[in-house]
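Given next are the chains, with one letter for each unit.
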Amino acid sequence: MHRFMRLASLCAFALIAVPAGAATLSDRVPRGEVMPAAVHPVAIGGARQALLDASPAWQSFRSQHGDWIANWNGRTASPHRAFGPSIPLPGAANDSNSVDRAVRAFVRGNPDLFGAPELAAVNVGQHGHVWYARYRQTLNGVPVLFSDWEFRVGTNGRLMMFGADRHSPATAVRTTPALVRAAAREAAHTGLDFVDGRDKVEDGGTWILPWNDGSEGAAEYRLVYEEHVLVQDPPGNWWTLVDANTGEVLWRQDRVRHNISGKVTATIHPITPTDLLETVNLPNLKVFVGPNIAVTDSVGNYSAAATGVVIVTDSLVGTYCDINDDLPPPGVISTSASNFQNNVNLLWDGTKANDAERDAYYHVNRVHAFIKGVDPTFTGMDYAVPTRVNVNSTCNAFWDGVGVNFFRAGAGCVNTGTIADVIYHEYGHGINDNMYVAAGSPNGMLNAALHEGMADVNAAFLQDDPNIGKGFFGPGTTLRHLVNTARWPDNESGDPHATGLIIGGAFWDLRQSIGITLATHLEHFAKYGKPDDPDDGVAFSDYFVETLVVDDNDANLGNGTPHFSQIVAAFNAHGIGTGFFIHITHTPLADQNGTSPYPVVATFQYSGPVGTLDPNSPTLHYSINNGGYTTLTMTPTGNPNEFRAQIPFLQFGIVHYWISAKDTYGAGTTDPAVAPTRAVYTFLAGPASTVFLQDMDADPHWTVGAPGDNAVTGTWERGNPNGTNVGGVQCAPEDDHTPAPGIFCWVTGIGTVGDDAGANDVDGGRTTLTTNTFDATAGQHPMLEYYRWYTNALGGEPNADYWRTYISNNGGASWVVVENTLESASSWQRILFFIDDYVTPTANMKMRFVAQDSAGGSLVEAGIDDFRLLHFPATLAVGDGNAAAGLEFSAPMPNPAFGRTTLRFTLPAPGRVALRVYDLSGRSVRTLADGALEAGLHAIQWNGLDDGGHRVAAGPYFVRLSNGARELARKITIVR
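Rules used throughout
- Residues numbered from 1 in each chain as written.
- Predicted model: local features only at pLDDT ≥ 70, side-chain atom pairs only at ≥ 80, totals over all residues.
- Heavy atoms only, no water.
- Helix = DSSP H or I, 4+ residues; strand = E, 2+ residues; numbered from the N terminus.
- Rg over C-alpha atoms; globule rule 2.2 N^0.38 Å.
- Buried < 20%, exposed > 50% of the residue type's maximum accessible area, 1.4 Å probe, protein only.
- Contact = heavy atoms within 4.5 Å.
- Areas by Shrake-Rupley, 256 points an atom, 1.4 Å probe, with all protein chains shown as cover.
- Lys, Arg positive; Asp, Glu negative; His and termini not counted.
- Charge placed at Lys NZ, Arg CZ, Asp CG, Glu CD.
- Salt bridge = Lys/Arg side-chain N within 4 Å of Asp/Glu carboxyl O.
- Pairing = 2+ DSSP bridges.
- Phe/Tyr/Trp six-rings, centres within 6.5 Å; stacked < 30°, edge-to-face > 60°.
- Lys NZ or Arg CZ within 6 Å of the ring centre and 35° of its normal.
- Disulfide = S-S within 2.5 Å.
- pLDDT = per-residue confidence, 0-100.
- Patch = residues over 30% accessible without salt bridge, like charges linked within 9 Å, V, L, I, M, F, W, Y side chains within 5 Å.
- Axes fitted to C-alpha atoms, helices over the stretch in contact; angles between N-to-C directions.
- Expected span 1.5 Å × (residues − 1).
- Polar contact = N/O pair within 3.5 Å; in protein donor to acceptor, adjacent residues only side chain to side chain.
- Parallel < 35°, antiparallel > 145°, perpendicular 65-115°, else oblique.
- Left-handed = near helix turned anticlockwise from the far one by under 90°.
- Nonpolar A, V, L, I, M, F, W, Y, C, P; charged D, E, K, R; others polar.

Thoughts on the overall build of the protein chain
- Each helix and strand counted, the protein chain has 12 helices and 50 strands in total.
- Here the C-alpha radius of gyration of the protein chain, 32 Å, is about what a compact globule of 976 residues would show, namely 30 Å.
- A principal-axis box enclosing the C-alpha atoms of the protein chain has dimensions of 120 × 75 × 60 Å.
- Across the 976 residues of the protein chain, 56% fall into the buried class.
- In the protein chain, once contacts between residues fewer than 6 apart in sequence are set aside, the share between residues at least 24 apart is 68%.
- Just so you have it, the protein chain exposes about 36,100 Å², and 51% of that area is on carbon and sulfur atoms.
- Here the protein chain contributes 62 positively and 98 negatively charged side chains, and the mean placements of these two sets differ by 6 Å.

Put into structure tokens, the structure is as follows:
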């Protein structure tokens, strides 16, 4: 189903995934979502990171200022974030002017790194013991979007961190518009549900936008008009950038932050809808006493002058909250009073206003008081926040860029304006946005998952309770929990609420270790660093670094912070701490048909502000023919940062493998990033032959449909697919898998170019695709290979629909399950298996593929291409053919070694042998053997000396045994 898809976009912030059968805000995908090709993203890691690390400008900077580490912006070739030993800034005193001058002098003093930019100060302000100096680059006086220059300076005048997303156009940038503003306004609402006379467009600024089409090429720099398109149905506040010369819409993002999709049945006052009503004081409320206005204090008292008999009137409008009710008449109190009366008490109860009006007013004021208690200097929410209740729909709530909105009860959900932590969550979106606006980001926080996660944290920390959406579906129900094990990237989802649980869980873990007061201080003040990026992982890791900055007490992240271990542990538990900065670069092995072992080579780099790669941690994990995984320690090759290990030679087989590494804090990462649960590398070993290949460009005469199929859209079709995406996440494929000139594949609904993501996905049930009959009796160990596309991670109820494949050896009379998975991938995935692992191969084989939509709000898309039958020759010997089985290399004894250690190995046959000792950098320090040896057991001693006769330093070493194409390695530690 495609309902509630606004909530899955990059810019739509909802609280829940909608349960089956729930009514929703919209039954379609809103047109005009974010255009991610216009984003100018941070791209770090791998070869690009290494190349920029080695640049002369950066090496010169490090030679002057010490061992600084940079996370590079791959597009601008400038440091997105850099950390290292603190640098004194001459002239930096404890005031904004001197800090500004000192930072600008620092930029001018490093022209090779920074160039000569035009910088306009956005904000130079002190928060805690840190000065946050931020600038925006301009070109010919026009500000450049995404050109953030960030500097963190301690009150001691020392620079501890900086970032410079420098833009250096290769050609002149046009800064004079050719398009009149009226034409830009007209273009801005094209493609939206815009009604003249009801909706409107408001002009914003003029900017330079770094823009590209999503490729790796250099960005264009295009002059754009900023327009805000305000539509009522569905509610939208679209921030739109229109090319000021061509009228093309380059960027569009909805600032309405949707949230809470669910259902209601009861009333609420203090916490949940079923709590007993509790009498509370209403602060900050405007009371009209005749012609005068009084405002209640924190305990509800008011006082105003009056003469004679006056009318005292009150509605739920105050300094920080303005209640608007879609169910007339709105609550109001009106009574006459005279000036000789001492007390005129006003009681808001069910006879004066409905529950949503009273509860929303109280809880909005409570969350305002909470954030002012955390940070009295924050004024971003110091206005009468429009608070709309009883919106004519159910199971939802949203922040619209200015105010909060809550829906009526119905469809199994309570009234969302009567749930305390729903109100705190929505208000938390306002805190997120307005803190970023105050810090220089005109459109607030952009990353949807970060927005959702930190809104959850706001609700949880206010109540000191990790449960979000308590009572949403009735007594005892809860929407989400911050006590979780969600990790990046394993639990990344197209639903930003689910992805937000990763950082939400990290902060709740931190609260458990350091207490609610300090955890609240850190999560709030880290926002002054504006951690944000279109990539969720980068945004989360930036938040981790900014949390360390807030905790730091000497402007030097390199020596840790007072609560360093707790912060690192909390974020590492969720994959967004120091381990995020480990980068593994590896070229996956293709299918192999040689007679030698299979070397796996990878480079490992670390770019975090603290810590290093653990050189003992690079590990290869491999599985042969679906057996258990074997682990091998990867050893240095001698090339910088490069390690390797070897998978033993096989006569035939299917090999799965993945790579892992850790940093010195024990945090790890894998390659592929979601290995081994969601993806591993696969190759075929041995002389396999293709029996047939169906690439779908020619009609294979497969059958669509089976008894029980009931999908109403998204049934299987063969053709040229039309890709769709939500918030930059691909749903349906744009191209088939077959290399050019291949075009066709099977997909669940081809649709038309420009369709919304939910227009032709699998809806309402299942759809089945069955192959023709094929013969699998030739050769031995026949295998089937196909490439499949499957996504179910988007929409209101992600990760709820299974992909299933089946095989039959009796023409379809009975079926055996091959795949039954919820795992999604927005790319073509290779599936390869032995037929006889499931059924006995016959001449009457079939396969079928089933995609199904059983969850109400999910987006399901699937595809099949390049279906191939393979087998091995009948003459191939049976067995796994492990050619290294006879080569044995025992563990060194003793180990650790104080002096001598003995290395024992067994050769299966006479041959040439090399036995060498390597240090952790990959440098050979001692050759112990290099020549021909007889078969059998051998024992060679190492006395701890290098080739020059010098005693080696204490520490770990690797000993590598080479015998022809076979290699084995052992680790040894020398102690003194």
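From this point on, the discussion continues.
Comments concerning the pattern of salt bridges
- Enumeration over the complete set of coordinates arrives at 31 salt bridges.
- Note that Glu150 is salt-bridged to Lys530, the shortest N-O span being 3.6 Å. Of this pair, Glu150 sits in strand β5 (residues 142-154) while Lys530 is found in the loop between α10 (516-525) and α11 (536-551), placing the two residues 380 residues apart along the sequence. Of the two residues, Glu150 and Lys530, both sit in the buried class.
- Across the salt bridge formed by Arg830 and Glu785, the nearest N and O atoms sit 2.7 Å from each other. Of this pair, Arg830 sits in strand β41 (residues 825-834) while Glu785 is found in strand β38 (residues 780-795), placing the two residues 45 residues apart along the sequence.
- Here the residues in one salt-bridge network are Arg134, Glu150, Arg152, Lys530 and Glu546, joined through shared partners.

Section: the pairing of strand β8 (residues 220-231)
- Within β8, 10 of the 12 residues are buried, which leaves it mostly tucked inside the rest of the structure.
- Across 10 bridges, strand β7 (residues 200-211) lies against β8 in antiparallel orientation. When the bridges of β8 are listed, Trp207 appears paired with Val224.
- Pairing of β8 with strand β9 (residues 236-243), which is carried by eight bridges, proceeds in the antiparallel orientation. Along β9, the bridge assignment pairs Val231 with Gly236.
- Turn length for the β8-β9 hairpin, with the two strands adjacent in sequence and antiparallel, is four residues.

With respect to unusual backbone geometry
- A cis geometry characterises the amide bond from Pro328 onward to Pro329, with omega recorded as -5 degrees.
- Residue position: Pro329 is located in the loop between β15 (321-325) and β16 (332-338).
- Following Asn895, the chain continues into Pro896 via a peptide bond in cis, with omega recorded as 5 degrees.
- Within the secondary structure layout, Pro896 lies in the loop between β44 (888-889) and β45 (901-907).

Here's the deal with the environment of Gly558
- Considering the arrangement of structural elements, one finds Gly558 in the loop between α11 and α12 (564-572).
- Along the backbone, Gly558 and Phe83 are 475 residues apart, and their C-alpha atoms lie at a distance of 7.9 Å.

Focus on the packing of aromatic side chains
- If you walk through the whole model with that rule in mind, you get 46 aromatic pairs.
- With a centroid separation of 5.5 Å and an interplanar angle of 85 degrees, the aromatic rings of Phe507 and Tyr543 are classed as edge-to-face. Of this pair, Phe507 sits in helix α9 (residues 496-514) while Tyr543 sits in helix α11, placing them 36 residues apart in sequence. Just as Phe507 is buried, Tyr543 falls in that class too.
- Three or more aromatic residues joined by ring pairs make a cluster, and in this case those are Trp58, Phe61, Trp68, Trp72, Phe106, Phe114, Tyr135, Trp149, Phe151 and Phe162.
- Over the ring of Trp508 we find Arg511, and its NZ or CZ is 5.6 Å from the ring centre.
- Positioned above the aromatic ring of Tyr918 is the side chain of Arg960, whose terminal nitrogen or guanidinium carbon lies 4.9 Å from the ring centre.

Quick word on the sheet that holds strand β26 (residues 635-636)
- Here we have four strands laid out as an open sheet, ordered β22-β23-β27-β26, and antiparallel in their pairing. Looking along the sheet, the strands with just one partner apiece sit at the ends: β22 (582-586) and β26.
- Examined bridge by bridge, strand β23 (residues 598-606) and strand β27 (residues 642-647) share six bridges and lie antiparallel to one another. Within β27, the residue paired with Ala602 across the bridge is Phe643.

Brief notes about the state of the cysteines
- Within this structure, the stated rule accounts for one disulfide.
- There is a disulfide in this structure between Cys395 and Cys413, and the S-S distance comes to 2.1 Å. Around the S-S axis, the bridge from Cys395 to Cys413 shows a dihedral of about 100 degrees and counts as right-handed. Of this pair, Cys395 sits in the loop between β17 (385-394) and β18 (397-399) while Cys413 sits in the loop between β19 (404-408) and α7 (420-438), and the two are 18 residues apart along the sequence.
- Owing to a relative accessible area of 1%, Cys395 belongs among the buried residues under this scheme.

Some remarks on the confidence of the model for the protein chain
- Across the protein chain, pLDDT averages 86, with 90% of residues at or above 70.
- Every residue in residues 1-40 is under pLDDT 50, and counting partners more than four places away or in other chains gives 188 contacts.
- Overall, residues 258-268 carries pLDDT values under 50, and its contacts beyond four positions in sequence, including any with other chains, amount to 89 contacts.

Observations regarding the environment of Ala778
- Residue position: Ala778 is located in the loop between β37 (766-770) and β38.
- Note: C-alpha distance between Ala778 and Thr842 (64 residues apart in sequence) is 9.3 Å.

Section: a nonpolar patch on the surface
- The grouping of Phe288, Ile293 and Val295 at the surface amounts to a nonpolar patch, some 250 Å² of accessible area in total.
- Topologically, Ile293 is positioned in strand β13 (residues 292-295).
- Under the relative-accessibility criterion, Ile293 is labelled exposed at 51%.

With respect to the sheet that holds strand β50 (residues 966-974)
- With respect to topology, four strands assemble into an open sheet ordered β47-β46-β49-β50, the strand pairing being antiparallel. Edge positions in the open sheet fall to β47 (924-933) and β50, since each of these has one partner strand only. Within the sheet, the average angular offset between the axes of one strand and its neighbour, ignoring direction, is 15 degrees.
- Here nine bridges tie strand β49 (residues 955-963) to β50, and the two strands are oriented antiparallel to one another. The partner of Phe958 across the bridge, within β50, is Lys971.

Thoughts on the pairing of β45
- Burial within β45 is extensive, with five of its seven residues counted as buried.
- One ladder, built from two bridges, connects β44 with β45; its direction is antiparallel. Bridging across to β45, Phe889 finds its partner in Phe905.
- In the sheet, β45 pairs with strand β48 (residues 936-942) via seven bridges, with the strands oriented antiparallel. Each bridged residue has a counterpart across the sheet, and for Leu903 the counterpart in β48 is Ile940.

Considering helix α8 (residues 448-463)
- If you check α8, its first and last C-alpha atoms are 23 Å apart, about what 16 residues at 1.5 Å a residue would give, namely 22 Å.
- With 16 of 16 residues buried, α8 lies mostly within the body of the structure.
- The opening residue of α8 is Asn447, an N-cap whose side-chain oxygen sits 3.1 Å from the backbone nitrogen of Ala449.
- Asp464, located one to two residues past α8, shows a positive phi value of around 50 degrees.

Quick notes on the packing of α8 against α10
- Two elements in contact, α8 and α10, have axes separated by 11 Å at closest approach and are oriented at 150 degrees. What the angle tells us is that α8 and α10 run roughly antiparallel. For the pair α8 and α10, the crossing hand works out as left-handed. Residues Met454, Val457 and Phe461 of α8 form the contact with α10, whose own contacting residues are Ile516, Ala519, Thr520 and Glu523.

Brief notes about the packing of α10 against α11
- Viewed as axis vectors pointing N to C, α10 and α11 meet at an angle of 120 degrees, and their least axial separation amounts to 8 Å. Taken together, the axis directions place α10 and α11 in an arrangement best described as oblique. Crossing angle aside, the handedness with which α10 passes α11 is right-handed. Within the contact between the two elements, α10 uses His521, Leu522, Glu523 and Phe525 and α11 uses Tyr543, Thr547, Val550 and Asp551.
- Here the residues of the contact of α10 with α11 are counted per class, giving four nonpolar, two polar and two charged.

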